[in-house]
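# Coordinates in review
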Amino acid sequence: AAGAAVRPARAVCVRRLMSRTRVRITLDKKAVARLKAPDGDIDTFTRRVAAKARDRAKLNLTTDGSVDTGRLRNSVQYQRFPTAGRRINYQVGTNLDYGIYLERGTRDHGPRTAKVLRFRGKNGAFVFAKRVKGIRATRWLSRVLATLKI
């Protein structure tokens with residue numbers, strides 16, 4: 001829409017353990033009057049953009065090789081949040097706690113109070129380690145904004 005004031009979209013972390021990407025489009029009154037959404041309904045158009053963002057986030061997880069069980073990929077969804085006035089606000093993300101660690105990555109880490117870390121490995125047996133390597137950030141959710149065409 002020509003003349004539309006579009007705020008730059010940015011990735012935000014809503015809660016410490018919940019990764020979210022918020023895409024906010026703000027239009028002035030003249031731009032809204034000129035806006036021609038494909039259906040003529042701005043809410044339907046915005047919902048489709050949120051669905052595209054969700055689908056792209058799932059694709060990013062798959063192509064990055066970050067899928068082990070598919071639980072994170074299957075938990076990615078979009079949701080409309082009510083706002084004051086006539087704003088339309090959708091958020092895309094996951095409610096799983098480890099989504100943020102794949103998004104931002106982790107540092108190498110070790111035990112804080114014990115001598116070694118103890119956790120279950122992939123085969124189910126206990127693993128003991130003094131330090132473990134962190135994981136690299138995949139930016140699976142924030143990269144959606146760069147590829148999203150509105």
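The structure contained in this document is the topic of the report that follows.

Rules used in this analysis
Residues numbered from 1 in each chain as written. Predicted model: local features only at pLDDT ≥ 70, side-chain atom pairs only at ≥ 80, totals over all residues. Heavy atoms only, no water. Helix = DSSP H or I, 4+ residues; strand = E, 2+ residues; numbered from the N terminus. Salt bridge = Lys/Arg side-chain N within 4 Å of Asp/Glu carboxyl O. Buried < 20%, exposed > 50% of the residue type's maximum accessible area, 1.4 Å probe, protein only. Pairing = 2+ DSSP bridges. Core = buried A, V, L, I, M, F, W, Y, C linked by side-chain atoms within 4.5 Å.

## A few points about the environment of Y101
Among the secondary structure elements, Y101 is positioned in helix α4 (residues 99-104). In sequence terms Y101 and A137 are 36 residues apart; their C-alpha atoms lie 7.5 Å from each other.

## A closer look at the pattern of salt bridges
Under the counting rule described, the total for this entry stands at 2 salt bridges. Salt-bridge contacts for R54 lead to D55; the nearest nitrogen and oxygen are separated by 3.0 Å. R54 gets classed as partly exposed once you look at its relative accessible area, which sits at 22%. According to the relative accessible area criterion, D55 is partly exposed, its value standing at 41%. In this structure, R143 engages D64 in a salt bridge whose closest nitrogen and oxygen atoms are separated by 2.9 Å. Of the two residues, R143 is situated in helix α5 (residues 143-147) and D64 in helix α2 (residues 42-64); the sequence distance between them amounts to 79 residues. Using a relative accessible area of 31% as the deciding quantity, one classes R143 as partly exposed. A relative accessible area of 23% places D64 in the partly exposed class.

## Regarding the pairing of strand β5 (residues 117-120)
Bridge count between β5 and strand β6 (residues 126-129): 4 bridges; the pairing is antiparallel. Looking at the pairing, F119 lines up with V127 of β6. What sits between the antiparallel neighbours β5 and β6 is a turn of 5 residues, in which G124 has the positive phi angle 95°.

## Comments concerning the nonpolar core
One broad rule of soluble globular proteins: the nonpolar side chains tend to lie buried together. Residues A57, L61, L72, V76 and W140 are the most contacted members of the largest nonpolar core, which totals 15 residues. Taken together, the elements giving at least two residues each to this core come down to α2 and β4 (89-93). A total of 5 residues in this core trace back to one element, the largest contributor, which is α2.

Distances and angles like these do not, on their own, reveal function.
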